[in-house]
Amino acid sequence: MESRPELNKLLHDVQSKCANIKSACQILNDCPEEEALDMLGDMTQAARDILRCLLELKKKIADGKEGR
Amino acid sequence: MSKLKVLVVEDERLGQKIMAKHLTGHLVEFAGDLAAAKQRLDAGRFDLCFIDLHLGEGDRPSGLELIRMAAEKGVYSVVMSSHDTEEMVVQAYELGCRDFYAKGNEQANIGAVLSKYHRDKAGFDSEDIFAGQFVTEDPATRASILEGVKYAASDLPIMILGPSGTGKTCLGKIIHEHSGREGEFVAINCAAYAENLLEAELFGHKEGAFTDATGSRKGKLAQAHKGTLFLDEIGAMSLDMQAKLLKAIEERTFYPVGSDKAETSEFRVISATLEDLQRLIAQGRLRFDFFQRIHGLTIKLKPLSERKCDILPLVRFFTRGGKHLSISQEAKACLLGHPWPGNARELRKVVELLAAGAEGRVTPEEVRRHLDHSATAWPAVPFIGEGHYRHALEMGLGKALDRFAREVIRRNLAENNGKKTKTMSALRISARRLYAALKEQEASDGIPA
């Protein structure tokens, strides 16, 4: 796969959001219930963003392949 | 630890919450984009600034701009990135960042950053250590201690090797004091307890867990929470106990004796032993998995006999604040010539005896008198070394004893500048015995003694 700036940005976003979810998992047990639920909400949103980035990545790679 | 003023430059809400949680107790401000970060850096006085390099929608690592700005304002900047290419790391350090870590393990990384920050701010001065905490002028020993301090802020286990009295516990404490850990330094000598008592001492116990358990008691593991557990004479621990402790270290949970409720404790392990670890493993006395878990950085401390340059500075240190002793040159020679099998601990005892008994001036006779007694004061030090034992097996006990006698006589003669009467008196031997030994030595060396 060739390196393209728009793909790099998406890949970076996926890495960053995955890292945040991992870090959030480390502290979830120490959070009071309400805070944990709030954190889980943000983690869920981050997971949705990851899915969106992955689909976008897939589309860009497929488009690039057809365009060649 | 004092409250720090921290700026976190992070554009993701989840990321901000994670940082807020790890920086609880400090004054934290957040900036979600480059412009806001610049404004805050410009307006406020921060101790620390955590910077995410990729801010907003653009592809450019715009956070790089903030590193120089923070450095110019004297703010300790730390890059947290999920895009840590080598080129990016180099660029960030060139711009003045003080630390760089990959996102995803904030729990360990932020603690390490804060420890490093406090250490840097405190102005770590190695001379402070060598002047008061661990007196040594030996370059190799100084290097070993500084190596330990360098790893103090990490979670890596540390193994300190060295004979009894060389300062293993003292070094463990120094490492703990430089670790930035908020918990205590908790030491336990594993050889000092019978197996069941060691288990109760380490894990604690509940009331009625055994005959003498009249009340519940917190163990060393619980005491060392967020601190350092120093395991001295680790080789004395049974295999069963090693397995239990391994589980507690790996899972960070354990069961006090007589309890079915698990307790948690996060601690760093520093172990010490005077034994050869590889030999303990080969003999089946040390579990390999346990060894791997407690064995990170290894520091070897030399016996005092191999760092004679430390003997007189240690004498001065041990008399600091007390009676000033005037030690004659001959008395100093006696101190320097002694093998110090009990190392600094033995030296301290002798110095205390000298200080208590001397009129201010220390004579060689007095030193010798206390050294004679000190030889029997350390039953824990093996009377013969492995080399002597092997030699006796190879050559036969008679020949080995003859050689031992010759070596002792030769050494004492050298210490007495060849004065035979002094040696005969010191070793309480006859002239006949002395000359016989010298003759044997002559035959053995092939040269006149």
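Draft legend 1. Representation of the overall build of chain A. Along chain A, the regular secondary structure elements total 2 helices and 0 strands. Looking at chain A as a whole, 37% of its 68 residues qualify as buried. Expressed as a percentage of contacts within chain A between residues at least 6 apart in sequence, the contacts between residues at least 24 apart total 67%.

Draft legend 2. Seen up close, the side chain of Asp 13 of chain A. By the secondary structure assignment, Asp 13 of chain A is in helix H1 (residues 5-28). A distance of 3.4 Å separates polar atoms of two side chains, one belonging to Asp 13 of chain A and the other to His 12 of chain A.

Draft legend 3. How the structure looks around the state of the cysteines. A complete count under the given rule lists 0 disulfides over all chains for this structure. Of all cysteine sulfurs in the structure, the one in Cys 18 of chain A sits closest to Cys 53 of chain A, which takes part in no disulfide; the separation is 9.5 Å.

Draft legend 4. Inspection of the nonpolar core at higher detail. Residue and element names in this part refer to chain B. Counting residues in each nonpolar core, the largest one holds 29 residues, and the members touching the most others are Leu 202, Phe 203, Leu 221, Leu 231, Met 237, Leu 245 and Phe 290. Here the element with the most residues in this core is helix H11 (residues 239-251); it accounts for 5 residues. What Phe 203 contacts, discounting residues up to four positions off in sequence, is Gly 219, Leu 221, Met 241, Lys 244, Leu 245, Ala 248, Phe 254, Tyr 255 and Pro 256.

Draft legend 5. Seen up close, the environment of His 54 of chain B. All names here are of chain B. Mapped onto the fold, His 54 is located in the loop between strand S3 (48-52) and helix H3 (64-72). Given a relative accessible area of 6%, His 54 falls into the buried group. When the C-alpha atoms of His 54 and Leu 64 are compared, they prove to be 8.7 Å apart, with 10 residues separating the residues in sequence.

Draft legend 6. Quick look at unusual backbone geometry. All names here are of chain B. In this model, Glu 233 sits at a positive phi of 50 degrees, which is unusual for a non-glycine residue. With respect to the element layout, Glu 233 can be found in the loop between strand S8 (227-232) and H11. Overall, the relative accessible area of 29% leaves Glu 233 in the partly exposed class.

Draft legend 7. How the structure looks around the interface of chain A and chain B. Contact with chain A, which involves 24 residues of that partner, is made by 20 residues of chain B. Our enumeration of links across chain A and chain B arrives at 5 salt bridges. As a salt-bridge pair, Arg 13 of chain B and Asp 42 of chain A come within 2.5 Å of each other at their nearest N and O atoms. The interface formed by chain A and chain B contains 11 residue pairs in polar contact (both at pLDDT 80 or more). Looking at the side of chain A that touches chain B, the elements with two or more residues in it are H1 and helix H2 (33-67) of chain A. Ranked by residue count, the leading element in the side of chain A that touches chain B is H1 of chain A, at 15 residues. Within the side of chain A that touches chain B, the residues separate by chemical class into 10 nonpolar, 7 polar and 7 charged.

Draft legend 8. Geometry of the packing of aromatic side chains. Residues and elements named next belong to chain B. Enumeration over the complete set of coordinates arrives at 6 aromatic pairs over all chains. Pairing Phe 185 with Phe 230 gives two aromatic rings, centres 5.6 Å apart and planes at 35 degrees, and the pair type is tilted. Pair noted here: Phe 185 is in strand S7 (residues 185-189) and Phe 230 is in strand S8, with a separation of 45 residues, a long-range link. A single burial state applies to Phe 185 and to Phe 230, both of which are buried.

Draft legend 9. Expanded view of the sheet that holds strand S11 (residues 267-273) of chain B. Residues and elements named next belong to chain B. Pairing is parallel across the open sheet formed by 5 strands, whose spatial order is S7-S8-S11-S6-S12. Of all strands in the sheet, those bounded by a partner on one side alone are S7 and strand S12 (297-300). Strand-to-strand, the axes of this sheet are offset by a mean angle of 20 degrees, without reference to chain direction. Across 4 bridges, the pairing between strand S6 (residues 158-161) and S11 is parallel. Within S11, the residue paired with Leu 161 across the bridge is Thr 273. Where helix H8 (residues 168-177) meets the sheet, it contacts S6, S7, S8, S11 and S12, and its direction lies at approximately 165 degrees from that of S8.

Draft legend 10. The pattern of salt bridges, seen in detail. Here the structure, examined in full by the defined rule, presents 30 salt bridges over all chains. As a salt-bridge pair, Lys 17 of chain B and Asp 42 of chain A come within 2.4 Å of each other at their nearest N and O atoms. Taken as a pair, Lys 17 of chain B in helix H1 (residues 13-22) and Asp 42 of chain A in helix H2 lie in two separate chains rather than in one. Residue Lys 5 of chain B pairs with Glu 29 of chain B through a salt bridge whose shortest N-O separation is 3.9 Å. One end of the pair, Lys 5 of chain B, is in strand S1 (residues 5-9); the other, Glu 29 of chain B, is in strand S2 (residues 27-31), with 24 residues separating them in the sequence. The exposure class assigned to Glu 29 of chain B is partly exposed, which follows from its relative accessible area of 26%. What you see here is one network of salt bridges that share partners, running through Asp 38 and Asp 42 of chain A together with Arg 13 and Lys 17 of chain B.

Draft legend 11. Highlighting the pairing of S11 of chain B. With 7 of 7 residues buried, S11 of chain B lies mostly within the body of the structure. Judged by which residues are buried, S11 of chain B turns out to be covered on both faces: Phe 267, Val 269, Ser 271 and Thr 273 of chain B on one side and Arg 268, Ile 270 and Ala 272 of chain B on the other are all buried.

Draft legend 12. Main features of helix H2 (residues 34-43) of chain B. Residue and element names in this part refer to chain B. Turning to H2, its buried residues are Leu 34, Ala 37 and Leu 41. For H2, the arc enclosing every buried residue in end-on projection is 60 degrees, short of the 170-degree limit, so these residues lie on one face. Facing away from the buried surface of H2 by more than 90 degrees, the exposed residues are Ala 35, Gln 39, Asp 42 and Ala 43. Of the surrounding secondary structure, the elements contacted by the buried residues of H2 are S1, S2 and H3. One side-chain oxygen at the N-terminal end of H2 lies 3.2 Å from the backbone nitrogen of Ala 35; it belongs to Asp 33.

Draft legend 13. Geometry of the sheet that holds strand S5 (residues 99-102) of chain B. Residue and element names in this part refer to chain B. Strand order in the open sheet formed by 5 strands is S2-S1-S3-S4-S5, with parallel pairing between adjacent strands. Two strands bound the open sheet, and with one partner strand each, they are S2 and S5. Here the average twist between neighbouring strands, direction ignored, is 20 degrees.

Draft legend 14. Main features of the packing of helix H9 (residues 195-203) of chain B against H11 of chain B. Residue and element names in this part refer to chain B. Closest axis-to-axis distance for the H9/H11 pair is 11 Å, and the angle between their directions is 10 degrees. With respect to each other, H9 and H11 are oriented roughly parallel. Contacts from Glu 195, Leu 198, Glu 199, Leu 202 and Phe 203 of H9 reach H11 at Asp 240, Met 241, Lys 244, Leu 245 and Ala 248.

Draft legend 15. Broad picture of the environment of Ile 188 of chain B. Positionally, Ile 188 of chain B belongs in strand S7. Distance in space between the C-alpha atoms of Ile 188 of chain B and Lys 220 of chain B is 7.7 Å, their sequence separation being 32 residues.

Reading the values: rules and limits
Residues numbered from 1 in each chain as written. Chains lettered and ligands numbered in written order. Predicted model: local features only at pLDDT ≥ 70, side-chain atom pairs only at ≥ 80, totals over all residues. Heavy atoms only, no water. Helix = DSSP H or I, 4+ residues; strand = E, 2+ residues; numbered from the N terminus. Buried < 20%, exposed > 50% of the residue type's maximum accessible area, 1.4 Å probe, protein only. Contact = heavy atoms within 4.5 Å. Polar contact = N/O pair within 3.5 Å; in protein donor to acceptor, adjacent residues only side chain to side chain. Disulfide = S-S within 2.5 Å. Core = buried A, V, L, I, M, F, W, Y, C linked by side-chain atoms within 4.5 Å. Salt bridge = Lys/Arg side-chain N within 4 Å of Asp/Glu carboxyl O. Nonpolar A, V, L, I, M, F, W, Y, C, P; charged D, E, K, R; others polar. Phe/Tyr/Trp six-rings, centres within 6.5 Å; stacked < 30°, edge-to-face > 60°. Pairing = 2+ DSSP bridges. Axes fitted to C-alpha atoms, helices over the stretch in contact; angles between N-to-C directions. Arc of directions from axis to C-beta. Parallel < 35°, antiparallel > 145°, perpendicular 65-115°, else oblique.

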